[in-house]
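So the chains spell out like this:
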Amino acid sequence: MNKSHDKPYTAANLKLANLEYLIQNGQPTFGIFSQVKSINYLDYHSHLISQKSLPNWRKELKANQFCFIQILQPPYRVCLALATIKLATSAFVYIYNEDTQQLEVCEALQPLTHHTHLDGDGYQGQMAFTHTKLSVTLDFSPAQMTIALDSQYVAITAALARSVQPLAICTPTGRRGWTFTQKEPLTALSGYLLIKSNSAVNTPDARPQKITFTDATIANLDWTLGYMRHETNWFWSCITSYLSDGRHFLLNLSMGVNETGASENACWLDGQIFYLPPVMFAREGSNIRSSQPDSLKPSVESVESVESVESDASATKPWRIYHQNLGWSNVDIDLSFTPITVYKKTDNFGVIASIFEQWIGFYSGEIRIRDEVISLDNVMGLAEDHFAKW
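Residues numbered from 1 in each chain as written. Predicted model: local features only at pLDDT ≥ 70, side-chain atom pairs only at ≥ 80, totals over all residues. Heavy atoms only, no water.

1. So, the overall build of the protein chain
What the protein chain contains, in helices and strands, is three helices and 28 strands. Across the 390 residues of the protein chain, 53% fall into the buried class. Contacts spanning at least 24 positions in sequence make up 58% of the contacts within the protein chain whose residues lie at least 6 apart. Element-wise, carbon and sulfur atoms account for 51% of the exposed surface of the protein chain, whose accessible area totals about 17,000 Å². (Helix = DSSP H or I, 4+ residues; strand = E, 2+ residues; numbered from the N terminus. Buried < 20%, exposed > 50% of the residue type's maximum accessible area, 1.4 Å probe, protein only. Contact = heavy atoms within 4.5 Å. Areas by Shrake-Rupley, 256 points an atom, 1.4 Å probe, with all protein chains shown as cover.)

Below, the structure written as structure tokens:
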């Protein structure tokens, strides 16, 4: 028996590389790293994109970039995102009240990178987006990141401490691309959530609520940049919570993002990362999966909806997220996810299109890492099903 099976897959015993630059000698470095300090994608020698060298403006145009952040301040769960494919840039923020099961969304879409600022990367840089309904500025430094967000219903000002053990991974994407992503747990240093008087999740007397973040406020970051397939589909699972024994737990699982050689699957226990093997997602019996890309009819309409799934019996069926252990892994994963409500958005502009579903629901099941069993019993988290043409 391989003695390496007796060791959990942690950053400490794997001795992963710490990279100054992702692009070296014109090409990306593939694999999982302890940290990457510069995503210098414009140094990429781009013959894999078009069979000939491209100027920097073309490489910048072809690179997709997005950032997602989730903040848990019970009973509120706030999720925000900023994404650009350069032909269009979008942002959203939604707030969910776990006590009342109310979900409220504010989102905005702008052509090209109109009123958008992108500088540096998720290690050291800034992303900013300004719209009449929603503005957000994300500042990144090695030790912390800050959020300044204002929208129709909520505002956020926050400083969040970063993880010393992030997941940093770069993998090939199709024949002509690559994707880098970084995931990590965050903890609040300072800041507040302001729920405005016109918010549907506010108190009945409609007074603004200002909720101060504490060191018990937890969050997670998902930052990605890459040259992705023209058509991309993925499933994603994310839990940020406290376990029954008080430990801060973050789980990140995906299928369809990393095509070969490495997996972005990992979990964190009080900030310590454990690397996990590939998983399968099984989502059966839902008529929402019938909305295949081929059924999209070109239009200039954007459809946004916030739905409770109680009225749709097929949508309430649990998903299964599991790992098939073939004997070489000391990890077992078997989880079920039961949906409660969903924020979904469909855009179709012909050349670019998106079917985006981000569900809130309950996870149950087990993750076994060596001798430790992490048991989940109706732990709230997110599950995503996303098709994109970009």
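So much for the structure itself; the text now carries on.
2. Brief notes about the pairing of strand β18 (residues 218-226)
Sheet faces and side chains relate simply in a regular strand, where the side chains alternate between the two faces. Taken across its nine residues, β18 has nine buried, putting it largely inside the fold. Along β18, one buried face is formed by Ile-218, Asn-220, Asp-222, Thr-224 and Gly-226 and the opposite face, lined by Ala-219, Leu-221, Trp-223 and Leu-225, is buried too. Sheet analysis places strand β6 (residues 64-73) next to β18, joined by nine bridges and oriented antiparallel. Paired with Phe-66 across the strands is Thr-224, a residue of β18. In this structure, strand β16 (residues 177-195) lies alongside β18, joined through nine bridges in antiparallel fashion. (Pairing = 2+ DSSP bridges.)

3. What about the side chain of Gln-182?
Within the fold, Gln-182 resides in strand β16. A polar side-chain atom of Gln-182 sits 2.8 Å from a polar atom in the side chain of Glu-184. What Gln-182 contacts, discounting residues up to four positions off in sequence, is Gln-35, Arg-162, Pro-166, Leu-167, Ala-168, Leu-221, Asp-222 and Trp-223. (Polar contact = N/O pair within 3.5 Å; in protein donor to acceptor, adjacent residues only side chain to side chain.)

4. Quick word on the packing of aromatic side chains
In the structure shown here, the tally under the stated rule is 16 aromatic pairs. With 5.9 Å between their ring centres and 10° between their planes, Phe-92 and Tyr-94 make a pair best called stacked. An identical accessibility class is assigned to Phe-92 and Tyr-94; each is buried. Each ring, one from Phe-92 and one from Phe-356, has its centre 5.8 Å from the other, and the planes form 45°; the classification is tilted. (Phe/Tyr/Trp six-rings, centres within 6.5 Å; stacked < 30°, edge-to-face > 60°.)

5. Points about a nonpolar patch on the surface
Residues Trp-57, Leu-61, Leu-87, Leu-112 and Val-351 make up a contiguous nonpolar surface patch of about 520 Å² in total accessible area. You can see Leu-61 is positioned in helix α3 (residues 56-62). Of the residues examined, Leu-61 reaches a relative accessible area of 38% and is grouped as partly exposed. (Patch = residues over 30% accessible without salt bridge, like charges linked within 9 Å, V, L, I, M, F, W, Y side chains within 5 Å. Salt bridge = Lys/Arg side-chain N within 4 Å of Asp/Glu carboxyl O.)

6. Some points on the environment of Thr-316
Relative to the elements of secondary structure, Thr-316 occurs in the loop between β24 (302-308) and β25 (319-322). By relative accessible area, which is 29% here, Thr-316 ends up partly exposed.

7. Structural notes on the confidence of the model for the protein chain
In the predicted model, the protein chain carries a mean pLDDT of 88, and the fraction of residues at 70 or more is 87%. Across residues 1-5, confidence stays below pLDDT 50; counting only partners more than four residues off in sequence or on other chains, it has four contacts. With pLDDT under 50 throughout, residues 286-303 is counted as low confidence; its partners more than four residues away or in other chains account for 36 contacts. (pLDDT = per-residue confidence, 0-100.)

8. Section: the environment of Ile-156
Relative to the elements of secondary structure, Ile-156 occurs in strand β14 (residues 154-161). In this structure, the C-alpha to C-alpha distance between Ile-156 and Leu-194, residues 38 residues apart in sequence, is 6.2 Å. Look past the residues within four positions of Ile-156 in its chain and what remains in contact with it is Ile-71, Val-78, Leu-80, Ile-147, Ala-148, Leu-149, Tyr-192, Leu-193 and Phe-213.

9. Focus: the nonpolar core
One finds Leu-138, Ile-147, Ile-156, Trp-178 and Leu-193 to be the most contacted residues of the largest nonpolar core, which totals 50 residues. Take this core: its biggest share by element is six residues, from β16. The next biggest cluster of nonpolar side chains, apart from the first, holds 28 residues, and it includes Ile-333, Val-342, Trp-359 and Val-379. (Core = buried A, V, L, I, M, F, W, Y, C linked by side-chain atoms within 4.5 Å.)

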